[in-house]
Amino acid sequence: MANIISDETIEYVGILAKLELSDKERERAKSDMGRMLDYIDKLGELDTTGVEPMSHVFPVQNVFREDVVTNGDLREQMLANAPEEKDGMFVVPRTFE
Amino acid sequence: MRIAITDRTAVELSAAIRAGQTTAVEAAEAMLARIEEQDKLYNCYVTVDGEGALSQARAVQERIEAGELTGPLAGVPVAIKDNLCTEGMLTTCSSKMLGNFVPTYTAEAVANLRRAGAVVLGKTNMDEFAMGSTTETSAYGVTRNPWNPDHVPGGSSGGSAAAVAAGECYFALGSDTGGSIRQPAAYCGTVGMKPTYGTVSRYGLVAYGSSLDQIGPLTKDVTDCAAVLETIASYDKKDSTSIQRQDTDFTSALVEDVQGLRIGIPGDYLGEGLDTQVKAAVLQAAEDLARRGALVERFDLSLVEYAIPAYYTIAAAEASSNLERFDGIKYGYRTKEYAGLHPMYKKSRSEGFGEEVKRRIMLGSFVLSSGYYDAYYLKALRVKALIKKAFDEAFAKYDVILGPVAPTTAPKLGASLTDPIRMYLGDIYTIAVNLAGLPGISLPCGVDESGLPIGLQLIGDCFQEKKLIRAAYTYEKIRGPFGKATAAEGRTTKAEGRTTEAESRTTEAVSRTAAGGWTETGQRVLQEAGQEQEGHRHE
């Protein structure tokens, strides 16, 4: 395997991805990601000098609209989906002391 | 003989309802009875809304009788993939993360169906967040293939395809990011279509790979496919990638004529890894179309082996970004115990997402991280541009590209998930279509020795769905009815002293000759039977 994923890398990716892996998951992730990257490295065989990266197949542009409210008041329905709510607000863990 | 209500296609059903032979309520009841009877085994549905379906059906029936609803889907029961938001109805994406999520709005494609009078039965099982090719990554159990319950239905729209095949709905909606409509359609012997990117609004579709995702129909036949696509295609301001098209009258392309249609078969789609029975059935379909005047030849598409690595880089990158929204605050799963905000995010996501989803989020986060962004993500976008160019060149020569949907028929349950890369390789013929934003249709073209359906894929240039529909419709007419019953009959015939695939194809060709009077070509197939058929240029 050409791509060896270190503990530091998987730790860093875990921070970016906001995922906490068990030891077993971490080992599996290291090996899976290494194999995937080996496979993706195949793209290196192609000379893409001068080729523009294509995000969209059509030349899409930002679509703007007037900043006016078009949806109704769905507070109750939306809060009903919240894991925790209090007095019409989402409850979040304490973020500072 | 009166056709049983459950055996009708969507378009036939609506005609029967309008003619007063049956009602929308009877149709909904028939489907709910089927679900009750069979779905413990197949597990096509995550959610069935029996009461809602019946009350919708009653309202629709009144409007049909009042002459307000006259379209081809009025009163027709439909199943919706569980990544399409439905107001007031659970939408789980087959994930523990959204196990209790009830959307406050309806996806535009579903709203279009409702406006046309379609009756929503419920939500279908899928690979978690549409990541997978077997529907085995669902948090709510596997879906079984109605053709053989020991096999997968494909994925990620496996529940939708299986529900159509099992007769637990008249048609279904799926979403296709790398083949997720076409591949399960092939495995379950149904028709499935991924339209040109931007044709169907993605508003209300839970995003996976936004630049690749497209919603499309899974149906019993090509006529239904055209009718459904015509109904769900719409320009929508709520989707900034939605395209204004004037040519969405897809049913006008239901014409039995391929005279002069230029069909290219990529040689690179017939190489190593393709099952010989799949290959034989696909080439036979090409031969059938050639016999009707299509100009069929082989060509080299090129870059085929680069589509999968490019796709998984781009899709994983977009997924890692799209799935950041699941943070356990406003909706979705939240872990029980946590120490502070960030640990809560991490624990909720780690417990809420399944293995394959986490694998792709990790990969996506990596390829987007500084230091790797250029080497992986931008490189993949450059390769995407090259793949698009290869298709542009092909479509300068051909109207339609023809090939297999998947290298094999449906694998056995449990056989695919052990090796992710092997599973990803199964998407080799479908994935480039998404990268290039093209339309593609999958329809059945035979069964293999074990009785599992084989899919034929037709790919068109952007906005050329009508060419695909015309070719698919013509092929369907040549092929004749397709279903578990007819396939079983075919196998019995083959079993009578005829062993090889080539011979059985010959039998089919000859019997068609008897029916359609194509003696000459029947003889040609006889001569070629058992050999590789190179060079399909029509004389």
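Residues numbered from 1 in each chain as written. Chains lettered and ligands numbered in written order. Predicted model: local features only at pLDDT ≥ 70, side-chain atom pairs only at ≥ 80, totals over all residues.

Focus: the overall build of chain A
- In terms of regular secondary structure, chain A is built from three helices and two strands.
- Each principal axis of the C-alpha distribution contributes one length, and for chain A these read about 55 × 45 × 25 Å. (Helix = DSSP H or I, 4+ residues; strand = E, 2+ residues; numbered from the N terminus.)

Remarks on the overall build of chain B
- The secondary structure content of chain B amounts to 18 helices and 11 strands.
- Considering chain B as a whole, with its 539 residues, one finds that 60% of them fall into the buried category.
- Of the contacts made within chain B by residues no fewer than 6 positions apart, 75% connect residues no fewer than 24 positions apart. (Buried ≥ 20, exposed ≤ 12 C-beta atoms within 10 Å, placed from the backbone. Contact = placed C-beta atoms within 7 Å.)

Side note on the environment of Gly403 of chain B
Residues and elements named next belong to chain B.
- Assignment of secondary structure puts Gly403 in strand S9 (residues 400-404).
- Residue Gly403 is classed as buried on the basis of its C-beta count, with 25 C-beta atoms lying within 10 Å.
- Along the backbone, Gly403 and Ala286 are 117 residues apart, and their C-alpha atoms lie at a distance of 8.7 Å.
- Excluding its chain neighbours within four sequence positions, the residues that come into contact with Gly403 are Ile265, Pro266, Tyr269, Val282, Tyr429 and Gln457.

As for the pairing of strand S11 (residues 453-460) of chain B
Residue and element names in this part refer to chain B.
- Here S11 lies mainly inside the structure; eight of its eight residues are buried.
- Two strands pair when backbone bridges link them, and S9 and S11 are joined in this way by five bridges, in the antiparallel orientation. Bridge pairing links Val400 to Gly460 in S11.
- Relative to S11, strand S10 (residues 440-447) is paired through seven bridges, and the arrangement is antiparallel. Across the sheet, the residue bridging to Ile441 is Leu458, located in S11.
- Taking the residues that link successive antiparallel strands as the turn, the S10-S11 hairpin has five residues, and the phi of Gly451 there is positive, at about 85°. (Pairing = 2+ DSSP bridges.)

Structural notes on the confidence of the model for chain B
Residue and element names in this part refer to chain B.
- With 90% of its residues at a pLDDT of at least 70, chain B reaches an overall mean of 91.
- Below pLDDT 50 for its whole length, residues 492-539 participates in 47 contacts with residues either more than four positions away or in separate chains.
- For this predicted complex, the interface confidence reaches an ipTM of 0.95, while the overall pTM sits at 0.91. (pLDDT = per-residue confidence, 0-100.)

A look at the interface of chain A and chain B
- Contacts between the two partners involve 40 residues from chain A and, on the opposite side, 53 residues from chain B.
- Put simply, the parts of the chain that give the side of chain A that touches chain B at least two residues each are helix H1 (7-17), helix H2 (23-40) and helix H3 (75-80) of chain A.
- When residues in the side of chain A that touches chain B are grouped by element, the largest group, seven residues, is from H2 of chain A.
- Considering only residue class, the side of chain A that touches chain B consists of 27 nonpolar, six polar and seven charged. (Nonpolar A, V, L, I, M, F, W, Y, C, P; charged D, E, K, R; others polar.)

Quick notes on the packing of H2 of chain A against helix H9 (residues 304-322) of chain B
- Their axes nearest at 9 Å, the elements H2 of chain A and H9 of chain B cross at an angle of 125°. Here H2 of chain A is positioned oblique relative to H9 of chain B, judged by the angle of their axes. Two secondary-structure elements touch here, H2 of chain A through Met36, Tyr39 and Ile40 of chain A and H9 of chain B through Pro309, Tyr312 and Thr313 of chain B.
- A breakdown of the residues in the contact of H2 of chain A with H9 of chain B according to their chemical character gives five nonpolar, one polar and no charged. (Axes fitted to C-alpha atoms, helices over the stretch in contact; angles between N-to-C directions. Parallel < 35°, antiparallel > 145°, perpendicular 65-115°, else oblique.)

Quick word on the sheet that holds strand S7 (residues 262-266) of chain B
All names here are of chain B.
- Read across the open sheet, the 11 strands follow the order S1-S3-S2-S4-S6-S5-S10-S11-S9-S7-S8; overall the sheet is mixed. Edge positions in the open sheet fall to strand S1 (45-48) and strand S8 (295-299), since each of these has one partner strand only. With strand direction ignored, the average angle separating the axes of adjacent strands in the sheet is 30°.
- Relative to strand S4 (residues 171-176), strand S2 (residues 77-81) runs parallel, the two being bridged by three bridges. Counted as the bridge partner of Val78 is Phe171 from S4.
- Its contacts with the sheet put helix H3 (residues 50-65) on S1, S2 and strand S3 (119-124), and the angle it makes with S3 is roughly 155°.
- Packed on one face of the sheet, helix H12 (residues 373-397) meets S7, S8 and S9 and runs near 140° to S7.

Points about helix H10 (residues 341-352) of chain B
- Spanning 12 residues, H10 of chain B covers 16 Å between terminal C-alpha atoms, matching the ideal 16 Å at 1.5 Å per step.
- Of the residues making up H10 of chain B, those classed as buried are Met344, Tyr345, Lys346, Lys347, Ser348, Arg349 and Gly352 of chain B. (Expected span 1.5 Å × (residues − 1).)

Focus on the environment of Tyr42 of chain B
Residues and elements named next belong to chain B.
- Locating Tyr42 in the fold gives a position in helix H2 (residues 24-42).
- Given 22 C-beta atoms within a 10 Å radius, Tyr42 is considered buried.
- Once the C-alpha coordinates of Tyr42 and Thr143 are considered, the two residues, 101 residues apart in sequence, prove to be 5.4 Å apart.

Considering the pairing of S3 of chain B
Residues and elements named next belong to chain B.
- The element S3 is largely enclosed, with a buried count of six among its six residues.
- Examined bridge by bridge, S2 and S3 share five bridges and lie parallel to one another. Considered in S3, the bridge of Ile80 is made with Lys123.
- Each parallel crossover has a hand, and for S2 linked through helix H4 (residues 108-115) to S3 it is right-handed. (Right-handed = clockwise from strand over helix to strand, strands pointing away.)

Describing helix H11 (residues 355-368) of chain B
- Taking 1.5 Å per residue, 14 residues should reach 20 Å; H11 of chain B reaches 20 Å between its end C-alpha atoms and fits that length.
- Buried residues dominate H11 of chain B, accounting for 11 of its 14 residues.
- Those residues of H11 of chain B that fall on the buried side of the exposure criterion are Val357, Lys358, Arg359, Arg360, Ile361, Met362, Leu363, Gly364, Ser365, Phe366 and Val367 of chain B.
- Summarising the contacts, the buried residues of H11 of chain B are in contact with H1 and H2 of chain A together with H9, H12 and helix H13 (420-425) of chain B.

Regarding the nonpolar core
Residues and elements named next belong to chain B.
- Counting residues in each nonpolar core, the largest one holds 178 residues, and the members touching the most others are Val78, Val119 and Ala307.
- Top element by residues in this core is H9. It accounts for 12 residues.
- Setting aside residues no more than four positions away along its own chain, Val78 makes contact with Leu113, Ala118, Val119, Val120, Leu121, Cys169, Tyr170, Phe171, Ala172 and Leu173. (Core = buried A, V, L, I, M, F, W, Y, C linked by C-beta atoms within 7 Å.)

A closer look at the packing of H9 of chain B against H12 of chain B
Residue and element names in this part refer to chain B.
- Put simply, H9 and H12 touch, their axes get as near as 9 Å, and they point 130° apart. Put simply, H9 runs oblique to H12. Note on packing geometry: the crossing formed by H9 with H12 is left-handed. For the pair formed by H9 and H12, the contact residues are Tyr306, Ala307, Ala310, Thr313, Ile314 and Ala317 on the first element and Tyr376, Tyr377, Ala380, Leu381, Val383, Lys384 and Ile387 on the second.
- Its residues assigned to classes, the contact of H9 with H12 comprises 11 nonpolar, one polar and one charged. (Left-handed = near helix turned anticlockwise from the far one by under 90°.)

Points about the environment of Val142 of chain B
Residues and elements named next belong to chain B.
- As for its position among the elements, Val142 is in the loop between S3 and helix H5 (158-165).
- On the neighbour-count criterion, Val142 (20 C-beta atoms within 10 Å) is buried.
- With 98 residues separating them along the chain, Val142 and Cys44 place their C-alpha atoms 8.6 Å apart.
- When residues no more than four places from it in sequence are discounted, the contact partners of Val142 are Asn43, Thr135, Glu136 and Leu413.

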